[in-house]
Structures are given as C-alpha cells and as structure tokens.
Amino acid sequence: THSVRWLPSGDAGLAWRPTADAVSYRLEVIDEAGSALVDSTMRDTSFVLADSLAKNQRGLSWTVTATLGDGSTVSSLPLRLAHPAR
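Keep in mind it's a predicted model, so treat the numbers as computed, not measured.

Q: I would appreciate a short explanation of the pairing of strand β6 (residues 61-68) in the present structure.
A: Among the eight residues of β6, seven are classified as buried, and the element is accordingly described as predominantly covered. Alignment of strand β3 (residues 22-30) against β6, held across eight bridges, turns out to be antiparallel. Looking across to β6, one finds that glutamate 28 is bridged to threonine 63. Both β6 and strand β8 (residues 79-80) contribute to a ladder of two bridges, which runs antiparallel. Counterpart to tryptophan 62 in the pairing with β8 is leucine 79. Where β6 meets strand β7 (residues 73-75), three bridges bridge the pair, whose relative direction is antiparallel. Each bridged residue has a counterpart across the sheet, and for threonine 65 the counterpart in β7 is serine 75. Hairpin remark: β6 followed by β7, antiparallel, with four residues in the connecting loop; positive phi at glycine 71, about 95°.

Reading the values: the criteria
- Residue positions are given per chain, counted from 1 along the sequence in the order it is written.
- For this predicted model, a pLDDT threshold of at least 70 governs which residues receive local features, and a threshold of 80 or more governs which side-chain atom pairs are given and counted, while totals over whole chains, interfaces and linings are taken from all residues.
- Side-chain figures throughout are based on the complete set of non-hydrogen atoms in the structure, without hydrogens or water.
- Burial status follows relative accessibility: with a 1.4 Å probe on protein chains alone, a residue under 20% of its type maximum counts as buried, one over 50% as exposed, and anything between as partly exposed.
- Secondary structure counts use DSSP, requiring at least four H or I residues in a row for a helix and at least two E residues in a row for a strand, with both numbered from the N terminus.
- Here a strand pair is declared whenever DSSP counts at least two bridges between the two strands.

In structure tokens:
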C-alpha cells in the first residue's frame, strides 16, 4: 500500500502496488468498531474514498487482499486512515 493521498475535494485516494499473478483485490475500510465502510473486490489498484463516507468516522483503517491465480491470498498490514487537520 501507499500513503493516502488527500485530494482537494477532501476525498482520500488509496493506492497499492500490483501483486504478481493477482486476479483481483479486495479493499476493506474498517471503522474502530470493526464495521466495514467499504468492502469491495476489484481488478484496479486504486480507489477514491468519498469524504462524505468517511466524514465524522473515527479509527478508520484500510487493508488490501490480493487473490492470486492459484486461489491463495496475500494481504497488506492495516494502515490508519486519518484525515489531515482542516
């Protein structure tokens, strides 16, 4: 995963490096209670999290899990998603 890129709109740009032999990526954005704000499977290596979705949420983190061609998976470590002070 890469550092979060905060866009002028307040949205969060999430991105990760491609994994060799990956057929899909599962992105999860979780709040401090363990509830998923985002749980999406995609082929792309980036995602824009709308500010309206994350606004007023505390303790957010995000992870990416790559599913490989042989069915195995590899996951990133969770990264904190903290909006910079406004």
